[in-house]
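Each chain, letter by letter, is given below.
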Amino acid sequence: MADYFEEMGWQPLADGEAPDSLLHFARLLMDFGMFDVLGEDKKLPPPAAKEAVKNLEEKKCSDADEKCTICLKEYTAGEIVKILPCKHDFHPACILPWLEKTNSCPVCRHELPTDDENYEQYRKEKIRAKQREAEIENLHNSMFS
């Protein structure tokens with residue numbers, strides 16, 4: 001089982017190194033739900049990472065039965081479309097401007113990586129908080145069922 005520092009991807013303080021007070025204050029606000037009160041949890045996500053956008057899968061359409069869910073136009077045979085990791089596909093002219101503004105799929109909200117380190121840390125914390133809730137629920141159910 002990983003220790004706290006390994007789990008969070010952090011390093012313990014070195015000898016003579018002082019803790020970052022602002023980081024501790026931000027953690028205090030987050031732990032007591034103050035980000036919700038201050039509206040920090042409602043910020044729009046940053047744009048998708050340029051590397052992630054560049055490496056999006058492409059495919060050539062073979063039939064015109066499918067359509068782009070952004071512009072609602074049917075694909076023409078032989079047209080190249082971009083495919084997100086969640087397997088939704090779009091015209092490049094439709095999805096690329098979208099990903100320059102936000103990092104999520106317009107259909108299912110699957111998030112792509114970003115270049116914003118603070119947002120990536122926030123996203124990691126959200127995932128870990130959901131895992132903790134599931135673990136607590138599992139523990140509770142095992143004790144009281």
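It should be emphasised that the depicted structure is a prediction, and the values quoted were computed from it without experimental measurement.

For the rest of this paragraph, the subject is the overall build of the chain. Each helix and strand counted, the chain has 6 helices and 3 strands in total. The order of helices and strands in the chain, counted from the N terminus, is α-α-α-α-β-β-β-α-α. For 145 residues, the compact-globule estimate of 2.2 N^0.38 gives 15 Å, and the chain exceeds it by more than 25% at 21 Å. Projecting the C-alpha coordinates of the chain onto the three principal axes gives extents of approximately 60 × 45 × 35 Å. Residue burial in the chain is summarised as follows: out of 145 residues, 22% are buried. Expressed as a percentage of contacts within the chain between residues at least 6 apart in sequence, the contacts between residues at least 24 apart total 41%. In the structure as shown, the chain presents an accessible area of about 10900 Å², 57% of it carried by carbon and sulfur atoms. Distance from the positive charge centre (19 side chains) to the negative charge centre (29 side chains) of the chain: 6 Å.

Looking now at a nonpolar patch on the surface. A surface patch of nonpolar side chains, amounting to about 420 Å² of accessible area, comprises Phe25, Leu28, Phe32 and Met34. Mapped onto the fold, Met34 is located in helix 3 (residues 34–38).

So, about the environment of Trp98. Relative to the elements of secondary structure, Trp98 occurs in helix 5 (residues 92–99). Separated by 28 residues in sequence, Trp98 and Ile70 have C-alpha atoms that sit 9.5 Å apart. Setting aside residues up to four positions removed in sequence, Trp98 forms contacts with Ser104, Cys105, Pro106 and Arg109.

Under the local residue numbering, the UniProt record ascribes the feature "domain: RING-type" (unreviewed entry) to residues 68–109. Counting secondary structure, residues 68–109 comes out at 19% helix and 14% strand; the distance between its end C-alpha atoms is 16 Å.

Applying the stated criterion across every chain, the model contains 1 aromatic pair. Where Tyr119 meets Tyr122, the ring centres are 6.0 Å apart and the plane angle is 45°; that geometry is what we call tilted. Linking Tyr119 with Tyr122, this pair stays in helix 6 (residues 117–144), spanning 3 residues, or about one helical turn. According to the relative accessible area criterion, Tyr119 is buried, its value standing at 10%.

Turning our eyes to something else, we now look at unusual backbone geometry. Despite not being glycine, Lys87 has its phi angle at roughly 75°, a positive value. Looking at the element boundaries, Lys87 is found in the loop between strand 2 (80–83) and strand 3 (89–90). Despite not being glycine, Arg109 has its phi angle at roughly 65°, a positive value. Inspection of the secondary structure puts Arg109 in the loop between helix 5 and helix 6.

So, about the environment of Asp116. Mapping Asp116 onto the fold places it in the loop between helix 5 and helix 6. With 67 residues separating them along the chain, Asp116 and Ala49 place their C-alpha atoms 8.2 Å apart.

What counts, and where the lines are drawn
- Residues numbered from 1 in each chain as written.
- Predicted model: local features only at pLDDT ≥ 70, side-chain atom pairs only at ≥ 80, totals over all residues.
- Heavy atoms only, no water.
- Helix = DSSP H or I, 4+ residues; strand = E, 2+ residues; numbered from the N terminus.
- Rg over C-alpha atoms; globule rule 2.2 N^0.38 Å.
- Buried < 20%, exposed > 50% of the residue type's maximum accessible area, 1.4 Å probe, protein only.
- Contact = heavy atoms within 4.5 Å.
- Areas by Shrake-Rupley, 256 points an atom, 1.4 Å probe, with all protein chains shown as cover.
- Lys, Arg positive; Asp, Glu negative; His and termini not counted.
- Charge placed at Lys NZ, Arg CZ, Asp CG, Glu CD.
- Patch = residues over 30% accessible without salt bridge, like charges linked within 9 Å, V, L, I, M, F, W, Y side chains within 5 Å.
- Salt bridge = Lys/Arg side-chain N within 4 Å of Asp/Glu carboxyl O.
- UniProt positions renumbered as here; feature names shortened; annotations may be inferred.
- Phe/Tyr/Trp six-rings, centres within 6.5 Å; stacked < 30°, edge-to-face > 60°.

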